[in-house]
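Working through the structure, step by step
Single-letter residue listing:
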Amino acid sequence: MNRSEWVWMPHPGHFICSEDCRFHITTKAGHYLISTVGEPWGKYETMVFPAKARPGTGCCPWVAADWDSVDSSRYDDPAEAYAGHLAMCEKWASK
């Protein structure tokens, strides 16, 4: 899947306390939703979930099909988290 086909969404995609996160990226790449959050306590994490369509929504047409992650990674700073998010998108876009 080409990067131009990824769907970028302006909200955290996981984590129950995500409203406290100042850093968040959510991307639909291939059949997966990749969510990266961080900064409430100085840690960052990316989690990957199977994606499903959420019809009838104007903003974010994709949600996690279930909350059992298929991949994850942790980082220590925002630059690592951003690079890690893109790497996960690349990895899962073709699966």
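You'll find the structure just up there.
Residues numbered from 1 in each chain as written. Predicted model: local features only at pLDDT ≥ 70, side-chain atom pairs only at ≥ 80, totals over all residues. Heavy atoms only, no water.

1. Focus: the environment of C89
- Note on placement: C89 falls in helix α1 (residues 78-93).
- A relative accessible area of 0% places C89 in the buried class.
- Note: C-alpha distance between C89 and G30 (59 residues apart in sequence) is 8.3 Å. (Helix = DSSP H or I, 4+ residues; strand = E, 2+ residues; numbered from the N terminus. Buried < 20%, exposed > 50% of the residue type's maximum accessible area, 1.4 Å probe, protein only.)

2. A short note on the pattern of salt bridges
- A complete count under the given rule lists three salt bridges for this structure.
- K43 is the partner of D76 in a salt bridge, and the nearest nitrogen-oxygen pair spans 3.0 Å. Note that D76 is positioned in the loop between β6 (71-75) and α1 and K43 in the loop between β3 (32-38) and β4 (44-53), a separation of 33 residues in sequence.
- Judged by relative accessible area, D76 falls into the exposed class, the value being 51%.
- You can call K43 exposed: its relative accessible area is 51%.
- Salt-bridge contacts for R74 lead to E45; the nearest nitrogen and oxygen are separated by 3.3 Å. With R74 in strand β6 and E45 in strand β4, this residue pair connects regions lying 29 residues apart in the sequence.
- Classification of R74 by relative accessible area gives exposed; the value is 65%. (Salt bridge = Lys/Arg side-chain N within 4 Å of Asp/Glu carboxyl O.)

3. A few points about the side chain of H85
- Following the sequence through the fold, H85 ends up in helix α1.
- Discounting residues that sit within four places of it in the chain, H85 has contacts with W8, I25, T26, T27, I34, S35, T36, T46 and Y75. (Contact = heavy atoms within 4.5 Å.)

4. Section: the side chain of T36
- Locating T36 in the fold gives a position in strand β3.
- A relative accessible area of 0% places T36 in the buried class.
- Among the polar contacts made by the side chain of T36, one reaches the side chain of H85 at a distance of 2.6 Å.
- For T36, the contacting residues outside a window of four places in its chain are F23, H24, I25, E45, T46, A81 and H85. (Polar contact = N/O pair within 3.5 Å; in protein donor to acceptor, adjacent residues only side chain to side chain.)

5. A word on the packing of aromatic side chains
- Taken as a whole, this structure holds two aromatic pairs when the rule is applied.
- A centroid spacing of 5.1 Å and a plane angle of 75 degrees characterise the contact between F49 and W67, whose relative ring orientation is edge-to-face. Placement of F49 in strand β4 and of W67 in the loop between β5 (62-64) and β6 is noted, with a sequence separation of 18 residues between them.
- Classification of W67 as exposed rests on a relative accessible area of 55%.
- For the cation-ring pair, K95 lies above W92, with the distance from its terminal atom to the ring centre recorded as 5.1 Å. (Phe/Tyr/Trp six-rings, centres within 6.5 Å; stacked < 30°, edge-to-face > 60°. Lys NZ or Arg CZ within 6 Å of the ring centre and 35° of its normal.)

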